[in-house]
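Summary of structural features
Each chain, written out:
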Amino acid sequence: MNKTNILITFVATHDAGDNKSDGPVINIFKKFKYDKTFLLYSDDKFFNIAKHVKKVIAKKDKCTEIIIKKLDIVNPTDHNEIYPKLLNFCKTLKPLKNKKFTAAIASGTPAMQ
């Protein structure tokens, strides 16, 4: 049985890209393909960036299902807040059997940059 590949990543300012580059999350899809992707954002100002990233990924045909989800994070530079909330989110994704998760939190959380 094949495993379902799932990407969980935060999106933020750097993921908007510019005229020279696509941004970190979009660049992931230049090399990898996922069955499902969760684009997490922590502040409403990043919602449009998440929509942009979703649109670009969908055009690349590198992901079957793309879900945008807000995680309420008060301080996106506080590891002690980010990790438990990310873990709680991951626990909602059960059942975990036959699923391979990749979590890329570097681009969308300033603490990880």
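In what follows, the accompanying structure is described. (Residues numbered from 1 in each chain as written. Predicted model: local features only at pLDDT ≥ 70, side-chain atom pairs only at ≥ 80, totals over all residues. Heavy atoms only, no water.)

A count of helical and extended segments in the chain gives 3 helices and 4 strands. For the chain, the succession of helices and strands along the chain, N to C, is β-α-β-α-β-α-β. Projected onto the principal axes, the alpha-carbon positions of the chain cover approximately 40 × 35 × 20 Å. Across the 113 residues that make up the chain, the buried fraction comes to 35%. A fraction of 73% describes how many contacts in the chain between residues 6 or more apart in sequence connect residues 24 or more apart. (Helix = DSSP H or I, 4+ residues; strand = E, 2+ residues; numbered from the N terminus. Buried < 20%, exposed > 50% of the residue type's maximum accessible area, 1.4 Å probe, protein only. Contact = heavy atoms within 4.5 Å.)

We now examine the sheet that holds strand S4 (residues 99-104). Sheet architecture is open: 4 strands sit in the order S3-S2-S1-S4, paired in parallel fashion. The two strands at the open ends of the sheet, each matched to only one other strand, are strand S3 (63-70) and S4. Across the sheet, the axes of successive neighbouring strands diverge by a mean angle of 15°, strand direction being ignored. Bridging between strand S1 (residues 4-10) and S4 involves 6 bridges; their strand directions are parallel. Pairing of threonine 9 across the sheet is with alanine 104, part of S4. Sheet strands in contact with helix H3 (residues 79-91) are S1, strand S2 (34-41) and S3, and its direction is about 150° off that of S1. (Pairing = 2+ DSSP bridges. Axes fitted to C-alpha atoms, helices over the stretch in contact; angles between N-to-C directions.)

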